[in-house]
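Listed below are the residues making up each chain.
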Amino acid sequence: MIRSALLALVAAAFGLAAPAWSQQKVLRIVPHSNLTVLDPIWTTAYITRNHGYQIYDTLFGLDVTGKVQPQMVAKVEVSSDRKTWTFTLRDGLEFHDGKPVTSEDVIASLERWARRDGMGEMLMSFSAGLQAVNARTFRLTLKEPYGLVLESLGKPSSNVPFIMPRRVARTPADRQIDDFTGSGPFIFKRDEWKPGERVVYVKNPRYRPRSEAPSGTAGAKVAKVDRIEWVIIKDPQTQANALAAGEVDVVEAPAHESYPVFRKNPDIQIVETNPLGFNAILRFNHLHPPFDNVKVRRAAMAAINQAPILRAQVGLPDMYRTCFSIFPCGTEFATEVGMDLVARPDLKRARQLLKESGYDGTPVVLMHPTDLAVIAKLPVVTAQLLRQAGFKVDMQSMDWQTLVSRRAKKDRPSAGGWNAFMTVWANVDNLNPITLQAVGASCDKAWFGWPCDAQLEKLRDAFGRASDASERRRVAAQIQARAMEIVTHVPVGEYNFPVAARKTVKGFVIGYFFVPWNIEK
Amino acid sequence: MLRFLAARLLATIPVLLVVAVFVFLLLRLTPGDPAAVIAGDNATGEQIEQIRESLGLNEPLITQFGIWIGNVLRGDLGESFFFRMSVTELIGQRLEPTLALALCTIVLAVAIAVPLGVLAAWRHGGWLDRALMGFSTLGFSIPVFVLGYLLIWLVSLELGWLPVQGYRRLSEGAGPFIRHLILPSLTLSVIYIALIARVTRASVSEALTEDYVRTARAKGLPEWRVLTRHALANAAVPIVTVIGIGLALLIGGVVVTESVYAIPGLGRLTVDAVLARDFPTIQGVILLFSVFYVLINLAIDLAYLALDPRIRY
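Residues numbered from 1 in each chain as written. Chains lettered and ligands numbered in written order. Predicted model: local features only at pLDDT ≥ 70, side-chain atom pairs only at ≥ 80, totals over all residues. Heavy atoms only, no water.

## Considerations on the overall build of chain A
Defined as follows: A run of DSSP states H or I qualifies as a helix once it reaches four residues; a run of E qualifies as a strand once it reaches two. Both are numbered from the N-terminal end. Each radius of gyration is computed over the set of C-alpha atoms, and the globule rule expresses the reference value as 2.2 Å times the number of residues to the power 0.38. Partly exposed describes any residue whose relative accessible area lies between the buried limit of under 20% and the exposed limit of over 50%, with all areas from a 1.4 Å probe on protein chains only and scaled to the type maximum. Should any heavy atoms of two residues lie within 4.5 Å, those residues are considered in contact. Values of accessible area rely on a 1.4 Å probe in the Shrake-Rupley scheme; residue burial ignores everything except the protein chains shown. Only four residue types enter the tally: Lys and Arg on the positive side, Asp and Glu on the negative side, with His and both chain ends excluded. Charge coordinates come from a single atom per side chain, which is NZ of Lys, CZ of Arg, CG of Asp or CD of Glu.
Of the regular secondary structure elements, chain A holds 16 helices and 21 strands. Its C-alpha atoms give chain A a radius of gyration of 24 Å, within 12% of the compact-globule value 24 Å for 521 residues. Counting only C-alpha atoms, chain A reaches 90 × 60 × 40 Å along its principal axes. For chain A, with 521 residues in total, the buried portion stands at 59%. Within chain A, contacts between residues at least 6 apart in sequence are counted, and of these 73% link residues at least 24 apart. Carbon and sulfur atoms make up 52% of the accessible area of chain A, which amounts to about 19,700 Å² in all. With 66 positive and 53 negative side-chain charges, chain A shows a separation of 1 Å between the mean positions of the two kinds.

## A short note on the overall build of chain B
Helices and strands together make up the secondary structure of chain B, namely 14 helices and zero strands. Mapped from its N terminus to its C terminus, chain B presents α and β elements in the order α-α-α-α-α-α-α-α-α-α-α-α-α-α. For chain B, the spread of C-alpha atoms along the principal axes amounts to about 85 × 55 × 35 Å. Contacts in chain B between residues at least 24 apart in sequence constitute 73% of all its contacts with a sequence separation of at least 6. Side-chain charges in chain B split into 23 positive and 22 negative, and the spacing between the mean points of these groups amounts to 14 Å.

## Describing the environment of Ala 132 of chain A
Residue and element names in this part refer to chain A. For Ala 132, the location among the structural elements is in strand S7 (residues 127–134). A relative accessible area of 33% means that Ala 132 is categorised as partly exposed. Distance from Ala 132 to Val 106, taken between C-alpha atoms, is 9.0 Å for residues 26 residues apart in sequence. Discounting residues that sit within four places of it in the chain, Ala 132 has contacts with Ser 103, Glu 104, Ile 107, Thr 137 and Phe 138.

## What about helix H3 (residues 103–116) of chain A?
For clarity, the cut-off: How far a helix is expected to stretch is found by multiplying one less than its residue total by 1.5 Å.
Taking 1.5 Å of rise per residue, 14 residues should cover 20 Å, and H3 of chain A covers 20 Å from first to last C-alpha, within 8% of that figure. Most of H3 of chain A sits out of view: eleven of its 14 residues are buried.

## Quick word on the confidence of the model for chain B
Threshold: Each residue carries a pLDDT value, the predictor's own confidence for that position, ranging from 0 to 100.
With 99% of its residues at a pLDDT of 70 or more, chain B shows a mean pLDDT of 88. In the predicted assembly, ipTM is 0.82 and pTM is 0.87.

## Considerations on the pattern of salt bridges
Spelled out, the test is: The term salt bridge refers to a side-chain nitrogen of Lys or Arg lying within 4 Å of a carboxyl oxygen of Asp or Glu.
According to the stated counting rule, one finds 33 salt bridges over all chains in the structure shown. With a shortest N-O distance of 2.6 Å, Glu 223 of chain B and Arg 217 of chain B are connected by a salt bridge. One network of salt bridges, with partners in common, ties together Arg 28, Glu 192, Arg 198, Arg 227 and Glu 229 of chain A.

## Here's the deal with the packing of helix H9 (residues 211–218) of chain B against helix H10 (residues 223–234) of chain B
Between two packed helices, the angle of one axis relative to the other and the distance separating the axes together describe the packing. Residues and elements named next belong to chain B. Stated formally: Every angle, taken between N-to-C directions, lies between 0 and 180 degrees, and every axis is a line fitted to C-alpha atoms, over only the stretch in contact when it is a helix. An angle below 35 degrees is read as roughly parallel, one above 145 as roughly antiparallel, one from 65 to 115 as roughly perpendicular, and any other as oblique. Helix crossings get a hand from a simple test, with the near helix turned counterclockwise from the far one by less than a right angle marking a left-handed crossing and a clockwise turn marking a right-handed one. Here the nonpolar group is Ala, Val, Leu, Ile, Met, Phe, Trp, Tyr, Cys and Pro; Asp, Glu, Lys and Arg are the charged ones; every other residue, Gly included, is treated as polar.
Axis separation between H9 and H10 bottoms out at 10 Å; the angle between their running directions is 160°. Comparing their axes, H10 and H9 come out roughly antiparallel. Classified by chirality, the crossing of H10 by H9 is right-handed. Facing Tyr 212, Val 213, Ala 216 and Arg 217 of H9, the residues of H10 in contact are Glu 223, Val 226, His 230 and Asn 234. In terms of residue class, the contact of H9 with H10 is built from four nonpolar, two polar and two charged.

## Topic: the sheet that holds strand S5 (residues 73–78) of chain A
Residue and element names in this part refer to chain A. Short version of the rule: At least two bridges found by DSSP between two strands is the condition for calling them paired.
Strand order in the open sheet formed by four strands is S5-S6-S8-S7, and the pairing between neighbours is antiparallel. This sheet does not close on itself; its edge strands, each paired only once, are S5 and S7. Direction aside, the axes of adjacent strands within the sheet are offset by 20° on average. Pairing of strand S6 (residues 84–89) with strand S8 (residues 137–142) involves five bridges; the strand directions are antiparallel. When the sheet's bridge partners are listed, Thr 88 is paired in S8 with Thr 137. Across the face of the sheet, helix H4 (residues 118–126) comes into contact with S7 and S8 while running at roughly 90° to S7.

## Topic: the sheet that holds strand S14 (residues 268–271) of chain A
Residue and element names in this part refer to chain A. Strands sit in the order S10-S11-S12-S1-S13-S21-S14 across an open sheet of seven strands; the sheet is mixed. Pairing within the sheet leaves two strands with one partner each, and these edge strands are strand S10 (186–188) and S14. Sheet contacts for helix H7 (residues 236–244): strand S1 (26–30), strand S13 (250–251), S14 and strand S21 (499–502); angle to S21, the most-contacted strand, approximately 30°.

## Describing a negative patch on the surface
Going by this rule: Exposure above 30% relative accessible area and the lack of any salt bridge qualify a residue for a patch; like charges then connect within 9 Å, and the nonpolar side chains Val, Leu, Ile, Met, Phe, Trp and Tyr within 5 Å.
Where like charges cluster on the molecular surface, the negative patch consists of Asp 174 of chain A together with Glu 49, Glu 53 and Glu 59 of chain B. For Glu 59 of chain B, a relative accessible area of 40% gives the class partly exposed.

## Concerning the packing of aromatic side chains
Cut-off, in case you're wondering: Only the six-membered ring of Trp is used, alongside the rings of Phe and Tyr, when aromatic pairs are assigned; centres must lie within 6.5 Å, and planes under 30 degrees apart are stacked while those over 60 apart are edge-to-face, with the rest tilted. Here, over-ring charges are defined by two tests on the NZ atom of lysine or the CZ atom of arginine: distance to the ring centre within 6 Å, and angle to the ring normal within 35 degrees.
As enumerated under the stated definition, the model contains 34 aromatic pairs over all chains in all. Put simply, the rings of Phe 180, Phe 188, Trp 193, Tyr 201 and Trp 230 of chain A together with Phe 83 of chain B pair up and form one aromatic cluster. Over the ring of Phe 24 of chain B we find Arg 28 of chain B; its NZ or CZ atom is 3.8 Å from the centre of that ring. One residue, Arg 123 of chain B, lies across the ring of Trp 122 of chain B, its end atom 3.7 Å from the ring centre.

## Points about the interface of chain B and chain A
Selection criterion: Buried surface area refers to the total accessible area, computed with a probe of radius 1.4 Å, that the two partners give up upon joining, counted for both partners together. Polar contact criterion, stated in full: a pair of N or O atoms within 3.5 Å, where within protein one must be able to donate a hydrogen and the other to accept it, and residues adjacent in sequence count only if both atoms are side-chain atoms.
Every contact between the two is made by 50 residues of chain B and, on the other side, 54 residues of chain A. Summed over both sides, the interface of chain B with chain A buries roughly 4,100 Å², with 50% coming from carbon and sulfur. Between the two partners, chain B and chain A, sit three salt bridges. For Asp 399 of chain A, the salt bridge identified is with Arg 277 of chain B, shortest N-O distance 3.1 Å. Remark: the boundary between chain B and chain A carries 17 residue pairs in polar contact (both at pLDDT 80 or more). At the level of elements, helix H2 (34–39), helix H3 (45–55), helix H5 (87–122), helix H7 (144–158), helix H8 (174–208), helix H12 (255–260) and helix H13 (266–276) of chain B are the ones that each hand at least two residues to the side of chain B that touches chain A. A per-element tally of the side of chain B that touches chain A places H3 of chain B first, with seven residues. Taken together, the residues of the side of chain B that touches chain A break down into 26 nonpolar, 13 polar and eleven charged.

## What about the state of the cysteines?
All names here are of chain A. Rules: Any cysteine sulfur atom paired with another within 2.5 Å is treated as part of a disulfide.
Across all of its chains, the model carries two disulfides over all chains by this definition. Cys 323 shares a disulfide with Cys 329; S-S distance 2.0 Å. Note on the Cys 323 and Cys 329 pair: the S-S dihedral is about 95°, so by sign convention the disulfide is right-handed. Classification of Cys 323 as buried rests on a relative accessible area of 2%.

Right, here's the structure in full:
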């Protein structure tokens, strides 16, 4: 008796006594970034979106073919005039606290989301009201038909219309939520959350998955592990070492230089969970010279050559591709209409266009984020191409957060403003011209750079009203042509960051980003 | 003595006040807007403005400072802009890893460096001395991250003896706690071993030329006693100073090691907070570092009293 007590004491002291959850299946993931903000409606950060998908569910999901599929919704009825949409929730949906998901919860969640999200705001601008018909049925009444009702409710990326309990969703949209009760496949363990170190989720035993196969953000969300731990490791080499040693199971977005090492390791697999990948862009500030002049923007566009920029940034030929469309290549709206200058870059032509534009040698302030490896090399090559075209480029190095803060400033470049910067968008955000923020041209309300073009805005509105797929395709092509005519931005090509994982991990869902359901270990 | 202690502790207050004002102003003058960082990449200017408003960043600087300093005086360091968690709680989570790493490193460094330094001084000009000087040069020259990756490759990946990364709290058991601390402490200690050994060697060498050492030897004392009781004891003041400064630097400056080994310590918290412009967290951590520096300096001064009876305050 004394002997076993002593042994237990020694075991505890040396960490040999296993914690209660050690018999469970634990999936350890290194996420692409540290989780800081927990409210997926308050921020558009992708990491918070991913956090949201673990704990919340959505009315609709988007499958890998780009089709909206019902998720929490069991049935949708549309009136003949397409102005009344009636949704019935699946039977047996419950929040983590055991309370049923009701229409009131859905309405409050959608209302809060629409106050923060552009697509939600647009949906609500067509809405005459949302009413609860009964506990499981709610109705959306429109002032006039709107073609993107399901696309809005099934919007897969930030901000996602996640469904929260009414008491949580009633939090004003400009305040963060404090209660993280959802109805998704996993439960957030706030008591185990150590910012910058570890985020813990456990399986939601009440979750009732759909019966369809998982695809994108749609289909069955079956939690096949008991516990998920996000292990925050920022250093790419340490991520690679931890994966090689089996201390973590998945690295969501490794650095490109790590892939050749992973490929040589027989215990590691590389899985493309997001075939669409990311799209790099060069964004101009339309408010100040020289890029307030469309001719100067066109000259810059003619100078941008995607291939060398991508080669320098990514290096691995199988992980990047040129794409001469503002929409992700291979998706519904992708087209080369209006992309002549992008598809056939020509420095001689760029010099000629620049000369014709009357460019007076005003230095172009190009912001260069040195600490964000996934885009740090893009501006370096771009600056050189612009210089070769005759631009005077003042490339200013800074950290990404300074860039993020500075790009919000409308001041003149000489007074702390800017002329151009580069970034990448997850292509899931570029699937249509409503979520593709770079083509918004609503002046002061537009995304940073503030293009101002009534015709483009009219076309985006027409896209929202388009009633069928062929009309939407036609309008999307017009939007691309107009966006490239006024040069809202320059697409710089696409690249990927496949997931790296131990070979013992199976069941990855192919879609738009890494999701944790269906994964077994 | 008590008056000295009280005076030194009271002197901390103006130091902390100056640090508080300086850090607050410096952060506001640095480019970067926490609201833009929080809002995320897809946010519009309007959303950023809403967040600025809700964080109180649109208030005049003097009002912001007044609110913050008022809270600090009540013992409240504020709430992180990002984590919706009190800065005190955040620091509390990060304090143990940093203190454990710093203490382990300094203990390891002292345990190795002081005997090495004494031996090198004793065999001045000999092979041991030259080897130590060579090691010192190497220790100063090799970047911490290079040494860290080399040790991880050898000890963790090739031999599989120790974990690659992470930290386990003492409450999770002494075994995991120690296993996770060995490599980072070893990595960090190399530079401190080099530094402390060099200082020890120089101080002890000087002491060995003193008359009292010659007298001790003439009295027939064994050499190890001469070295420890006479030479080392008299050479201790500069050594203790270096150890104290080393400890202070370790508490605030182990960010590279913390990154290489993914240790969630104060160094990483500071860098993350700076990159994210999390003003309340940066202010809280800097204030804490100031308190540490003051206290460590005080401890060094008190150690002088014990080591050198000629010193009086």
